[in-house]
Every structure is written in C-alpha cells, then in structure tokens.
Amino acid sequence: DEYFPFITNDGNTIFFTSRRNNDADENLFTSTRPRGDWRNAEQVSDFNTGNNEGMMTMVKDGRRIFFTACQRDDVLGPCDIWEATTDGQ
C-alpha cells in the first residue's frame, strides 16, 4: 500500500507513506525526478523507526515538515502529529 502523497513546490520530489507488506510498519518514502523520469522510491534516511511514521506535508519554505508518528511512549493517542526540520535539500 502507498498513500498520502506530497509533492514539493518544484514538482520534482514526492514523499508518501508506504506499507510494503501486511507485517511491515508504515514508513515515509521519497522519490525524485531529476530529468523527467521518477527514480525508484527509497525510505527517507535517518527518519523511519521500527514504529509507524507517515502522512507528511512540508511547509512552503522547505525547511519544516509535519508528519504522524505512532506507538510512541509520549503520544496522547495512538498517533500524534509531529514537526521536524530538514536540511532543505
């Protein structure tokens, strides 16, 4: 399953949530299209954990993202919305 896509302002990067099989957790994946063709998607490095992460949106400045994270000790429900900063690349 792949769902909740988000395309960056320049239209050349996509982020999406993926669950690769029924036993897998949800993770955030990304793909780019530097010359018009989309590359194979890869997990976002240094982001995913053994728990569920996904459904993100990026603030227009490209420096902050909001995403869901689940099964954490410090969440108020099964999932919460989290904020992270990026290196903008």
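Residues numbered from 1 in each chain as written. Predicted model: local features only at pLDDT ≥ 70, side-chain atom pairs only at ≥ 80, totals over all residues. Heavy atoms only, no water.

1. Remarks on the side chain of Asn-52
Part 1: Tracing the backbone through its elements, the reader meets Asn-52 in the loop between strand S4 (42–43) and strand S5 (53–58).
Part 2: Given the relative accessible area of 10%, Asn-52 is considered buried.
Part 3: A polar side-chain atom of Asn-52 sits 2.6 Å from the main-chain amide nitrogen of Glu-26.
Part 4: At 3.1 Å, the side chain of Asn-52 forms a polar contact with the side chain of Gln-71.
Part 5: Excluding anything up to four places from it in sequence, Asn-52 contacts Asp-25, Glu-26, Thr-68, Ala-69, Cys-70, Gln-71 and Arg-72. (Helix = DSSP H or I, 4+ residues; strand = E, 2+ residues; numbered from the N terminus. Buried < 20%, exposed > 50% of the residue type's maximum accessible area, 1.4 Å probe, protein only. Polar contact = N/O pair within 3.5 Å; in protein donor to acceptor, adjacent residues only side chain to side chain. Contact = heavy atoms within 4.5 Å.)

2. Thoughts on the pattern of salt bridges
Part 1: Scanning the model with the defined rule gives three salt bridges in all.
Part 2: Between Glu-2 and Arg-20 there is a salt bridge; the shortest N-O distance is 3.2 Å. Of the two residues, Glu-2 is situated in strand S1 (residues 2–7) and Arg-20 in the loop between strand S2 (13–18) and strand S3 (27–32); the sequence distance between them amounts to 18 residues.
Part 3: Glu-2 gets classed as exposed once you look at its relative accessible area, which sits at 54%.
Part 4: In this structure, Arg-64 engages Glu-83 in a salt bridge whose closest nitrogen and oxygen atoms are separated by 3.0 Å. Pair noted here: Arg-64 is in strand S6 (residues 64–70) and Glu-83 is in strand S7 (residues 79–85), with a separation of 19 residues, a long-range link.
Part 5: Classification of Arg-64 as partly exposed rests on a relative accessible area of 31%. (Salt bridge = Lys/Arg side-chain N within 4 Å of Asp/Glu carboxyl O.)

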